[in-house]
Amino acid sequence: PIVIIGKSGISDSAVNSIDRALKDHELIKVKFSENKKSRGKLIDILENNLSAFVVGNIGNTLIIFRPKDDENKRKITI
């Protein structure tokens, strides 16, 4: 996983880290080591603020996708 959400839950720095990772990779994993109840809140933030969406859920890990703005730089096509 690129980002790990710990016991403090979802913070602004975690959201910023997810945003940066999505700019670089398009497809990332976010793991919840503790505070798994904040998963729904993170999904809302992803969809509403970051224009990303969850494409998979494996245990405590979310797989998140957001295509790059530049079509020539996209590595994944749907």
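Reference entry: report on the structure contained in this document. Since this is a predicted model, take the numbers as computed values, not measurements.

The rules we used
- Residues numbered from 1 in each chain as written.
- Predicted model: local features only at pLDDT ≥ 70, side-chain atom pairs only at ≥ 80, totals over all residues.
- Heavy atoms only, no water.
- Helix = DSSP H or I, 4+ residues; strand = E, 2+ residues; numbered from the N terminus.
- Rg over C-alpha atoms; globule rule 2.2 N^0.38 Å.
- Buried < 20%, exposed > 50% of the residue type's maximum accessible area, 1.4 Å probe, protein only.
- Areas by Shrake-Rupley, 256 points an atom, 1.4 Å probe, with all protein chains shown as cover.
- Salt bridge = Lys/Arg side-chain N within 4 Å of Asp/Glu carboxyl O.
- Pairing = 2+ DSSP bridges.
- Axes fitted to C-alpha atoms, helices over the stretch in contact; angles between N-to-C directions.
- Contact = heavy atoms within 4.5 Å.

**A few points about the overall build of the chain**
Here is step 1 of the chain: Across its full length, the chain carries two helices and four strands.
Here is step 2 of the chain: Counting helices and strands in the order they occur from the N terminus, the chain gives β-α-β-α-β-β.
Here is step 3 of the chain: A compact globule built from 78 residues should have a C-alpha radius of gyration of about 12 Å, and the chain, at 12 Å, falls within 12% of that.
Here is step 4 of the chain: Taken along the three principal axes of its C-alpha coordinates, the chain extends 40 × 25 × 20 Å.
Here is step 5 of the chain: Per-residue burial over the chain gives 37% buried out of 78 residues.
Here is step 6 of the chain: Carbon and sulfur atoms make up 46% of the accessible area of the chain, which totals about 5100 Å².

**Looking at the pattern of salt bridges**
Here is step 1 of the chain: On inspection of all chains with the given rule, the structure shows two salt bridges.
Here is step 2 of the chain: We note a salt bridge from aspartate 19 to lysine 23, for which the minimum N-O separation is 3.8 Å. Remark: lysine 23 and aspartate 19 occur in helix H1 (residues 12-25); sequence separation between them is four residues, near one turn of the helix.
Here is step 3 of the chain: When its relative accessible area of 52% is taken as the criterion, lysine 23 is described as exposed.
Here is step 4 of the chain: Each member of the salt-bridge network shares a partner with another, and the members are Asp19, Lys23 and Arg66.

**Here's the deal with the sheet that holds strand E3 (residues 53-58)**
Here is step 1 of the chain: Read from one edge to the other, the open sheet built from four strands follows the order E1-E2-E4-E3, with strand pairing classed as mixed. Each having just a single partner strand, strand E1 (3-5) and E3 make up the two edges of the open sheet. In this sheet, adjacent strand axes meet at a mean angle of 25 degrees when their direction is disregarded.
Here is step 2 of the chain: In the sheet, strand E2 (residues 27-32) pairs with strand E4 (residues 61-65) via five bridges, with the strands oriented antiparallel. Bridge pairing in E4 links lysine 29 to isoleucine 63.
Here is step 3 of the chain: Docked against the sheet, H1 engages E1, E2 and E4, running at close to 155 degrees with respect to E2.

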